[in-house]
Amino acid sequence: MTCKEVDELLAGLALGGASPEEERLVQEHLSSCHVHNQVADYRRIAGMLPMSLLPRDVPDLTKRRLMARVYKDLEPQLLRPPVWRRAWMGLAAAALALLALGLGVRDYLVTAQLAAAPVQWKLGSAGDAATTGTLVYLPAQKTATLMLDRLPTLQASQVFEVWLIKDSQPVAAGVFRPGPDGAASVLLKGDVGSYDVVAVTSEPGPTGSTTPTSQPFVAGSLR
Amino acid sequence: MMSQVAGAEDRDTNLVLAVAERRDPDALARLYDLYGGIAYGLTLRMIADPGMAEEVVQEAFFNVWRNAASYSEDRGSVRTWLLSIVHNLGIDKLRRLKSKQRLDSQIEVPEDALQRPDVWNEVEADLERQRISQALLALPREQRTTIELAYFGGYSHSEIANLLRIPLGTVKGRLRLGMEKLRNLLTETTMELSPEP
Ligand SMILES: [Zn+2]
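Criteria and cut-off values
Residues numbered from 1 in each chain as written. Chains lettered and ligands numbered in written order. Predicted model: local features only at pLDDT ≥ 70, side-chain atom pairs only at ≥ 80, totals over all residues. Heavy atoms only, no water. Axes fitted to C-alpha atoms, helices over the stretch in contact; angles between N-to-C directions. Helix = DSSP H or I, 4+ residues; strand = E, 2+ residues; numbered from the N terminus. Parallel < 35°, antiparallel > 145°, perpendicular 65-115°, else oblique. Left-handed = near helix turned anticlockwise from the far one by under 90°. Contact = heavy atoms within 4.5 Å. Nonpolar A, V, L, I, M, F, W, Y, C, P; charged D, E, K, R; others polar. Buried area = accessible area lost by both parts, 1.4 Å probe. Salt bridge = Lys/Arg side-chain N within 4 Å of Asp/Glu carboxyl O. Polar contact = N/O pair within 3.5 Å; in protein donor to acceptor, adjacent residues only side chain to side chain.

**Student:** Residues and numbers for the packing of helix α1 (residues 3–15) of chain A against helix α2 (residues 20–32) of chain A, please.
**Tutor:** All names here are of chain A. Two numbers describe how α1 lies on α2: the axes approach to 10 Å, and their chain directions differ by 120°. Viewed along their axes, α1 and α2 adopt a mutual orientation that is oblique. You can see that α1 and α2 cross each other, and the crossing is left-handed. Listed contacts from α2 to Cys 3, Val 6, Leu 9, Leu 10 and Leu 13 of α1 are Glu 22, Glu 23, Val 26, Gln 27, His 29 and Leu 30. Of the residues that constitute the contact of α1 with α2, the class distribution is seven nonpolar, two polar and two charged.

Next up, the structure:
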């Protein structure tokens, strides 16, 4: 391709209108010829064009779907084997991963224990659900409140069940049903802070199970 | 050149770093809150179908989540980088969608999409939008239409030639003249806006 042919294509290339073949030929030319200094300007101008448009309100669902994918991506161990043992080990691994995120949980925990102030952890979606939540623990009272949003729909015969996990062993911590807005707030009694992970599954109602029978859809590290 | 206020650019860079280095989902959510609306405005302009336009937005931000480490400041502002991801995915989608319906929906260039000066509450962004819209509107109509078909419509040069029944060389010529003029206009505007000595 000659310099003249390249010049003819640069504007179109920046705008996305060149064919892949043209793009390849131009890139090849540009890698050895440096007289075409308008390339960067054209790209810059093309990059401004979206700013000529009015922003539009994106439906809430788009963000929920996006964040569900993000959390899923963040905790891939949670998704795979339908074998419980491995799933719980995955949760423990995710707990460590969350710790590595630099959320400052440990610092917070230390400070909180000194002052016996409430400790707070975040829960993220562990499957297709978009559920998020927060667990607030009061060390002095040994009680915790688990608050969840965007719970998945539940069959009439089912309940949600909270699990506290230590050394990969789930302990049943209570059952609940979501409110009409898909949110719920659950009171947990005991030394919640001594567990590694909190997770929630769907289980047969009304009393739930003694060991989990389904994959958790939301989970969080307590470390 | 016009740009966002420096504080906003620093904020955005820190958010991208938080995504790249700490895998912080909240930082991604924040970027989405900041630029999801512009991204959606762009994809709606490119793809008339709201469902598909949303898909592209979601895909683009997931791309940002996965590839935040590929951002570097010499690729321009975070916003420009992010919108170029949106644009590229929008083009891919359009190319897969080559249909009669798309030709019909895109050939009309809705000028009012460029102009209405309300809604946007950030004055800074509003001014910027007006400057770029005005630069576009200052182009001869045939140049503007050709640029919009290429950028927002995702049409190749030869498709534009067919669509407008003009020779391929004319398409390339209009794109080049239009981009040159935009380059002058947008650079000039910035100089006028520089503080008085
Ligand atoms: Zn050359």
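That covers the picture; the talk isn't over yet.
**Student:** Residue-level account of the interface of chain A and chain B, with values.
**Tutor:** Opposite the 42 residues of chain A that make contact, chain B presents 57 residues. Together chain A and chain B conceal approximately 4900 Å² of surface at their shared face, both sides included; 68% is due to carbon and sulfur atoms. Where chain A packs against chain B, one counts six salt bridges. Arg 23 of chain B is the salt-bridge partner of Asp 73 of chain A, the closest N and O atoms lying 3.7 Å from each other. Counting across the interface, chain A meets chain B through 13 residue pairs in polar contact (both at pLDDT 80 or more). Going through the elements one at a time, α1, α3 (39–48) and α4 (60–74) of chain A are the ones with two or more residues in the side of chain A that touches chain B.

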